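Commentary on secondary and tertiary structure
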Amino acid sequence: MDCIFCKIAKKDIPAAVVLENDNLIAIKDINPQAPAHILIMPKKHYATLLDCKDKGLIGDMLLMANQVAEKLKVYEKGFRVVINTNQDGGQTVFHLHMHLLAGRPLSGMMG
Ligand code: 5GP
Ligand code: ZN
């Protein structure tokens, strides 16, 4: 399957990896919208949030967001997590991923 995030997860395409475990990888977004803009994604391909029924995996994505916030030291000031889903959600890459944004005050829905 021709999926850019699958290729990143398999290390076929380089990315700046922030954290990784057996099931998940967190990378820096190539076009950051905030001083810290990290993408947390499963290594397994799910096109959108709607396609993933794995409660444990979805929970682990949120727990990895906490770990990323801790590692980047944005924990106390705060951060935002977002999962864009399908067209109106603004999803452009159809491999499930969660954005973590931090490092500046975020206003409105996406800041
Ligand atoms: P979406 O709009 O689907 O929620 O977010 C896709 C995100 O992936 C965008 O913020 C975009 O900058 C990022 N992105 C797209 N291609 C690449 C890539 O090849 N490497 C990295 N690190 N980020 C990417
Ligand atoms: Zn994929």
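As a starting point, this report considers the structure included with it. (Residues numbered from 1 in each chain as written. Chains lettered and ligands numbered in written order. Predicted model: local features only at pLDDT ≥ 70, side-chain atom pairs only at ≥ 80, totals over all residues. Heavy atoms only, no water.)

1. Structural notes on the overall build of the chain
A tally of regular secondary structure across the chain gives three helices and five strands. Beginning at the N terminus, the succession of helices and strands in the chain can be written as α-β-β-β-α-β-α-β. Over its C-alpha atoms the chain spans a radius of gyration of 13 Å, differing by no more than 12% from the 13 Å that the globule rule assigns to 111 residues. Each of the three principal axes of the chain carries a C-alpha extent, and together these read 40 × 30 × 25 Å. The buried share of the chain, reckoned over its 111 residues, is 36%. (Helix = DSSP H or I, 4+ residues; strand = E, 2+ residues; numbered from the N terminus. Rg over C-alpha atoms; globule rule 2.2 N^0.38 Å. Buried < 20%, exposed > 50% of the residue type's maximum accessible area, 1.4 Å probe, protein only.)

2. Some points on the coordination of the zinc ion (ligand 2)
Around the zinc ion (ligand 2), the protein supplies Cys3 (SG), Cys6 (SG), His45 (ND1) and His95 (ND1) as donor atoms, at distances of 2.0 to 2.3 Å. Taken together, the four donor atoms coordinating the zinc ion (ligand 2) span angles of 105 to 116° at the metal, a pattern that classifies the geometry as tetrahedral. Here the donor residues of the zinc ion (ligand 2) share one chain and are spaced in sequence as C-x2-C-x38-H-x49-H. Of the two residues, Cys6 sits in helix H1 (residues 4-9) while His45 sits in the loop between strand S3 (36-42) and helix H2 (55-71), which places them 39 residues apart along the sequence. Residue Cys6 is classed as buried on the basis of its relative accessible area of 12%. (Donors = N, O, S within 2.8 Å, 3.2 Å for Na, K, Ca; no water. Tetrahedral: all angles 85-135°; square planar, octahedral: opposite > 155°, others 65-115°.)

3. Let's talk about the site of ligand 1
In the region of ligand 1, 16 residues are neighbours, and Lys28, Asp29, Asn84, Thr92 and His99 sit closest. Here an oxygen atom of ligand 1 sits 2.9 Å away from a polar atom, N or O, in the main chain of Val93. Here ligand 1, which alone exposes 520 Å², has 83% of that area covered by the protein. Broken down by element, the residue count for the shell around ligand 1 peaks at three residues, all from H1. Looking at the shell around ligand 1, its residues break down into seven nonpolar, seven polar and two charged. (Near = heavy atom within 4 Å. Polar contact = N/O pair within 3.5 Å; in protein donor to acceptor, adjacent residues only side chain to side chain. Areas by Shrake-Rupley, 256 points an atom, 1.4 Å probe, with all protein chains shown as cover. Nonpolar A, V, L, I, M, F, W, Y, C, P; charged D, E, K, R; others polar.)

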